[in-house]
Each structure stands twice: as C-alpha cells, then as structure tokens.
Amino acid sequence: MTTIQLKPKREENILRFHPWIFSGAIAKITGNPQEGDIVRVVSANQEFLAIGHYQIGSIMVRILSFTDRPIDRTFWHERLKAAYDMRLALHLANSDTTNAYRLVHGEGDNLPGLVIDIYGDTAVVQAHSVGMHYAKYVIAELLVEIIPAVNNVYYKSEGTMPFKAPVKPVDGYLIGDKTETIALENGLKFHANWLDGQKTGFFVDQRDNRSLLEHYAHGRNVLNMFCYTGGFSFYAMRGGANLVHSVDSSAKAIELTNKNIELNFPGDPRHEAYAVDAFKFLEDIKDRYDLIILDPPAFAKHRDALRNALRGYTRLNALAFEQIRPGGILFTFSCSQAVSKEQFRLAVFTAAAQSGRSVRILHQLTQPVDHPVNIYHPEGEYLKGLVLYVE
Ligand code: SAH
C-alpha cells in the first residue's frame, strides 16, 4: 500500500482528527498511487497517523480511519450502520411522518466524500471523490442489508465528482429500477425524483426550517423565492397562509412545485407558481407579501467567488427589505459553505441598513440533525439562516 509521509510537525491537524491532508503538508509519497486508492499516512518519524482515500488536488487524502485497519466490507458496514443507528436514535429513520432524511453527510458521518439521502424505499448515493466512486457497489449492497425499508439504490454522481477526476461516473441504478417515490416530510407528501431533480431530488436539509415557517404562516401572504420543489410552500399552505406564491427560474422546478402542491392540497386556489428570475420578480412586488422566503442556490461555490457572492446576498435581501409589508417576516438563507455565518449576517445587515427599515433577528437557523457537523471539521457547517421581523 502507498505510504504518504508528512513533513515534520505537520501531523498536528490529524492528531486533532481533522479529516483532510493538504498537499503542502506532504514530504514524500512512496509508491505510485492512483486517485481513489487507499493510502496510509505516517508522520515524519514514520508513526502511523491515518488511512484514507488518495486524491489529486489541494486536498490529497480524505481520511477514513485514524486507526490502522483494513478498509473492507466490515469497515463500510460499521460506518453505514453507525449512520443509520444515529438516524434511528434521532427518530428520523423510524418516524411515521417523515421518511426522507440524509443518511450519510460526508465528514459529519466520518465518510468524507460520500452523501446518501433516503426517500422511503430508495437510497440516492452521491460520490464526491473517486475513492467513494469505487466503493459504490459495496455501499449499495450494505444499504439494503442494513436498512429494512430500502430496496432501490440509485447512483447520482455525474455532477459531483471533482472536475479533473480520471473517472467519469454514469448515473444509474445500483439495485432496483424504481423511478420515483412519494416520500413524506412531517406528514406532507412530495414526489422524490432522483432522475430529473437537482442534487439527490429533494432538499431534506430545510426540514426543520420549513416547520418553523409553518408556525408563522397563518393569515399571511407568503412569497417563496427559489422554491425548487416547493417545500416551504406546502408547509405554508398547511400553516394556514392566505396565499402562497412560489417562484423559481427553472420551469421544471415550477412543474415539480405544482405537482407537490396538488398532492397535498388538490385544487386549492391559494397557490400560484411562476417560472421567473428571482431578481426580476422582486423588482416590483410592492407590499403584497408579509412572509418572504429567500433560499437561493450557493452564490459562492468557491472561496474566490466570495466577494461577488456577498454582494449578491446583499442585493437580494435589500429587495425584500425594501418592499416587505410592515410587520413582515423574512426567512433568509445561504447554503454556501465558503460564506461564514458572520459574513452572511453582515451581508444581510448591509441590506437592512440600505432599506432603512427596523429589523430584528428572531431566529438563527442552521442545518438539521441528519446533516451533523463533525466537531473536528467545522467546514461541514454550510447552511445558515436568519428569521427577521421587519417593521
Ligand atoms: N428552497 C428550496 C431549495 C432551493 S434550491 C427547497 O426548499 O427545496 C435553489 C433554486 O433556485 C433552484 O431550484 C434553482 O432553479 C433556483 N434558481 C437559481 N437561480 C435562480 C434565479 N436567478 N431566479 C430564480 N430561481 C433561481
């Protein structure tokens, strides 16, 4: 097996269980590893530190284990079972009202580079590293073995592999062939569509924040910007909103939103959906809405895009602050990992100041329990939200 030897004193991060090894920390590579291979990491004094997946780029090893052990079927079984047991303990995997949840959240589940979402009987597996791409078959077999409800496993990694990876994954079924399922989130139904949908098909990370929104929706005129499959919209409907307008630039998203509303509230005239660019739609909403959700896609995919992203958040939020009805509530989010909580708050603060409105913070939101943050890997915290009261 290839050995990666670190420079003197560069083992400190690993001793603190950080799961990545950057190229700058490496002194010597013995052997000729290919991307995706399992490699051993040792200190300058040849002491064993960790074992992980080799990759080419600024992160060169994603650590799978800090103990010296084979990465075999037993390893994968242990890690996937631990992830499932945690979701059972958190009353997600055994809930009567929710059967859509994230089973594996990368580093947060000690499986860097792997994401798995469950929609009832289906697991959707996403590899973000070549090592995880190679492990997909054993992972699929174990998923149906460990989770009684799952009998269908879809692999969806065409869009998630590192840009220069030497493999080009093809999306498809690893087990089963079911094309769609109707899943449940807090008793509300939605079509989970892993074939056509973005990412794994549905954003389960907003579950708790949607519940909170439901709590405030009664009697309000709700505008759900960047609605995608309409998650916030159907919660607002159940919460007793006066009207709910959903907006997304993608016509496909609007179609999915309409289907999901129809599934839960057939023929309900309170809902309308528009396939329009958000910035264009927000140009002239006047004071029609008193509950607005802004949940845009990640504006900063990389650190270099940070400044523009922060400007984007400010511009977007300013449009909402300027027009929301007095006494209105704004749910505003950023899912960019590169944008910190403080930076996002500053961007929203700037927007509030531009509007001159009185704005108070009611809630500070984050990702739910099935997207755990490994305490040794704070980079895993990506979802940030603020609920604001605007006078
Ligand atoms: N709030 C959603 C997730 C939003 S994902 C949920 O709860 O599931 C981001 C969405 O923004 C995508 O559906 C994408 O199509 C949409 N989008 C991206 N750019 C946009 C733009 N300029 N205007 C409107 N929608 C946009």
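Definitions and limits used
Residues numbered from 1 in each chain as written. Predicted model: local features only at pLDDT ≥ 70, side-chain atom pairs only at ≥ 80, totals over all residues. Heavy atoms only, no water. Near = heavy atom within 4 Å. Polar contact = N/O pair within 3.5 Å; in protein donor to acceptor, adjacent residues only side chain to side chain. Areas by Shrake-Rupley, 256 points an atom, 1.4 Å probe, with all protein chains shown as cover. Nonpolar A, V, L, I, M, F, W, Y, C, P; charged D, E, K, R; others polar. Pairing = 2+ DSSP bridges. Helix = DSSP H or I, 4+ residues; strand = E, 2+ residues; numbered from the N terminus. Axes fitted to C-alpha atoms, helices over the stretch in contact; angles between N-to-C directions. Expected span 1.5 Å × (residues − 1). Buried < 20%, exposed > 50% of the residue type's maximum accessible area, 1.4 Å probe, protein only. Salt bridge = Lys/Arg side-chain N within 4 Å of Asp/Glu carboxyl O. Core = buried A, V, L, I, M, F, W, Y, C linked by side-chain atoms within 4.5 Å. Contact = heavy atoms within 4.5 Å. Domains from an automatic or database assignment. Buried area = accessible area lost by both parts, 1.4 Å probe. Phe/Tyr/Trp six-rings, centres within 6.5 Å; stacked < 30°, edge-to-face > 60°.

K.L.:
Can you lay out the site of the ligand for me, pointing to particular residues and giving the numbers?
P.N.:
Taken together, 15 residues are adjacent to the ligand, and R210, D248, D277, A278 and D295 come closest. S249 is positioned such that a nitrogen or oxygen atom in its backbone is 3.0 Å from a nitrogen atom of the ligand. One nitrogen or oxygen atom from the side chain of D295 is found 2.7 Å from a nitrogen atom belonging to the ligand. Protein contacts shield 88% of the accessible area of the ligand, which totals 580 Å² for the unbound molecule. Class assignment for the residues of the shell around the ligand results in eight nonpolar, three polar and four charged.

K.L.:
Talk me through the sheet that holds strand β16 (residues 271–275); I want residue IDs and the actual numbers.
P.N.:
Reading across from one edge, β16-β15-β14-β17-β18-β20-β19 is the order of the seven strands in this open sheet, with mixed pairing throughout. In this open sheet, the two edge strands, each paired with only one partner strand, are β16 and β19 (359–365). Adjacent strand axes in the sheet meet at a mean angle of 15° when their direction is disregarded. Bridge analysis of strand β14 (residues 221–225) against strand β17 (residues 291–294) gives four bridges, and the strand direction is parallel. Across the sheet, the residue bridging to M225 is L294, located in β17.

K.L.:
Please provide a residue-by-residue account of helix α9 (residues 306–323), values included.
P.N.:
In this model α9 runs 26 Å from its N-terminal to its C-terminal C-alpha over 18 residues, within 8% of the 26 Å that 1.5 Å per residue would give. Within α9, 13 of the 18 residues are buried, which leaves it mostly tucked inside the rest of the structure.

K.L.:
Could you give me a rundown of the pattern of salt bridges, with the residues and numbers involved?
P.N.:
Per the stated rule, a full pass over the model turns up 18 salt bridges. In this structure, E107 engages R62 in a salt bridge whose closest nitrogen and oxygen atoms are separated by 3.3 Å. Linking E107 in the loop between β7 (100–105) and β8 (114–119) with R62 in strand β6 (residues 59–65), this pair joins segments that are 45 residues apart in sequence. Take E107: its relative accessible area is 11%, and that puts it in the buried class. On the basis of relative accessible area, R62 is assigned to the buried category, the value being 12%. For D284, the salt bridge goes to K286, with nearest N and O atoms at 3.0 Å. Look at D284 and you get partly exposed, because its relative accessible area is 45%. Several salt bridges converge on common partners, so that one network encompasses R73, E141 and E145.

K.L.:
Can you explain the nonpolar core? Please cite residues and give values.
P.N.:
Inside soluble globular proteins, nonpolar side chains tend to come together where they are buried. By size, the foremost hydrophobic cluster in this structure holds 35 residues, and its most contacted members are W76, L80, L103, I116, I139, L143 and I147. At the level of secondary structure, the elements contributing two or more residues to this core comprise α2 (73–89), β7, β8, β9 (122–127), α3 (130–134), α4 (136–146) and β10 (152–155). Considering every element that reaches this core, the biggest residue donor is α4, with six residues. Beyond its immediate sequence surroundings of up to four residues, L103 is in contact with A83, Y84, R87, D109, I116, D117, I118, L143 and I147. Membership of the second largest hydrophobic core comes to 34 residues, among which are A309, L310, A347 and L388.

K.L.:
Could you give an account of the domain arrangement of the protein, naming the residues involved and the relevant values?
P.N.:
You can read the domains of the protein as domain 1 (2–65), domain 2 (73–186) and domain 3 (203–390). A straight line from the C-alpha centre of domain 1 to that of domain 2 covers 26 Å. Tallying the contact residues gives ten residues for domain 1 and 14 residues for domain 2. When residues of domain 1 are sorted by the area they lose upon contact with domain 2, E35, R62 and L64 head the list and together hold 54% of the total. The interface formed by domain 1 and domain 2 contains one salt bridge. Counting across the domain 1 and domain 2 interface gives three residue pairs in polar contact (both at pLDDT 80 or more). Counting residues per element, the side of domain 1 that touches domain 2 draws most heavily on β6, at four residues. Its residues assigned to classes, the side of domain 1 that touches domain 2 shows four nonpolar, four polar and two charged.

K.L.:
Outline the side chain of H105, listing residues and values.
P.N.:
Structurally, the position occupied by H105 is in strand β7. What makes H105 buried here is its relative accessible area of 12%. Side-chain polar atoms of H105 contact the side chain of R102, separated by 3.3 Å. When neighbours within four sequence positions are excluded, H105 is seen to be in contact with R87, L114, Q367, D370, H371, P372, G380 and Y382.

K.L.:
Go over the packing of aromatic side chains with me, naming the residues and quoting the values.
P.N.:
Throughout the structure, instances matching the rule amount to 15 aromatic pairs. Between W20 and F22, the ring centres sit 6.1 Å apart and the planes meet at 85°, which makes this aromatic pair edge-to-face. Residue classification places W20 among the buried residues on the basis of a relative accessible area of 13%. Ring centres of F75 and W76 lie 5.1 Å apart, and the angle between their planes is 80°; this geometry places the pair in the edge-to-face category. Summarising the burial analysis for this pair, F75 and W76 share the class buried.

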